[in-house]
Structure formats: C-alpha cells, structure tokens
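Each chain is listed here by its residues.
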Amino acid sequence: MKLKTIPFDLTVCKLADGSLIDLNREFCFIGKTDEELSLVCRTEETPSNTTERDDGWRGFRIEGVLDFSLIGILSKLSSILAQNSIGIFAVSTYNTDYILVKKENFDKALSVLAEAGYKIDDGTL
C-alpha cells in the first residue's frame, strides 16, 4: 500500500463560527457537531477566529480510493505508529484516510511505516 505525504504544515483548530473558512482552498477538513466546529488546514491559512489551535502537524494519505468494504487499514497504520510512541490525528474523506502526526515525529513515522512494508511517496519519486 502506498502513502503519499502532504508537503506542508497543518493546524488543527476550533472555530467560533465557520464564516472565515475558505472552501476554495486546496486543503481543509471541517467537522461540526452540536459541541464544536473543528478545522484542519494549512497552517498559513488558519482563520483568525480560532478559539483553540494546535500547530505543528504534518500528514500523509493512503493513496487511491478505498472501498468501504476494506477493514482494518487505519487500524493497522495507527497500531504501527502507536507501537513506536507516535500519536495520530486521523481524518477521513469519502475516498481515503489521512493521518496527521506532530511534525517532530513525521520522519520517524514514515520510517517505521516503510520498515513495515508501506511505500512512501514524498513527491520526489
């Protein structure tokens, strides 16, 4: 299975409201519940109306479109990272899953996943 790195820093934040979220941006994940409005975006594109924010994330996605009948893909990746003391923030789209790790753990995460047999596409292939 191939993992494709995301070539920029990310921020995870909570917002007072969604009025400043620019949906025309290349990369953003929005989660809204009855308790909060969360956003994952490029650090330099973080809206000014955050109520909390955590900078310093990097990420990668599982390359390709994942069928909903596939089981355990995210679980296997997160287990490998957990065994190496690397925490994750996971988000999913209709097509695939994304895993974010703190920037200081990014190279280690890619290394242990490569050792486990995953192919890493860092854009230089």
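An account of the accompanying structure is given in this report. Since the model is a prediction, treat every value here as computed from it, not as a measurement.

### What to know about the packing of aromatic side chains
The geometry of an aromatic ring pair is captured by the separation of the ring centres together with the interplanar angle, meaning the angle of the planes.
Consideration 1: In this structure the tally under the stated criterion is five aromatic pairs.
Consideration 2: Ring plane angle 85° and centroid distance 5.2 Å describe the contact between phenylalanine 27 and phenylalanine 29, whose orientation is recorded as edge-to-face. Exposure class is identical for phenylalanine 27 and phenylalanine 29. Each is buried.
Consideration 3: Ring geometry for phenylalanine 29 versus tyrosine 98: centroids 4.9 Å apart, planes at 70°, classification edge-to-face. Of this pair, phenylalanine 29 sits in strand 2 (residues 28-32) while tyrosine 98 sits in strand 6 (residues 97-102), placing them 69 residues apart in sequence.

### So, the pattern of salt bridges
Consideration 1: This structure, assessed with the given rule, holds nine salt bridges.
Consideration 2: Across the pair glutamate 52 and lysine 14 runs a salt bridge whose closest N-O atoms are separated by 3.3 Å. Taken together, the residues glutamate 52 in strand 4 (residues 50-62) and lysine 14 in strand 1 (residues 2-15) connect sequence positions 38 residues apart.
Consideration 3: Overall, the relative accessible area of 28% leaves lysine 14 in the partly exposed class.
Consideration 4: Put simply, arginine 25 and glutamate 45 hold a salt bridge, and the shortest N to O gap is 3.4 Å. Residue arginine 25 is located in the loop between strand 1 and strand 2, and its partner glutamate 45 is located in the loop between strand 3 (37-42) and strand 4; the two are separated by 20 residues in the primary sequence.
Consideration 5: Assessed through its relative accessible area of 41%, arginine 25 is described here as partly exposed.
Consideration 6: What makes glutamate 45 partly exposed here is its relative accessible area of 22%.
Consideration 7: One connected set of salt bridges, linked through shared partners, spans Asp22, Arg25 and Glu45.

Cut-off values and rules
Residues numbered from 1 in each chain as written. Predicted model: local features only at pLDDT ≥ 70, side-chain atom pairs only at ≥ 80, totals over all residues. Heavy atoms only, no water. Phe/Tyr/Trp six-rings, centres within 6.5 Å; stacked < 30°, edge-to-face > 60°. Buried < 20%, exposed > 50% of the residue type's maximum accessible area, 1.4 Å probe, protein only. Helix = DSSP H or I, 4+ residues; strand = E, 2+ residues; numbered from the N terminus. Salt bridge = Lys/Arg side-chain N within 4 Å of Asp/Glu carboxyl O.

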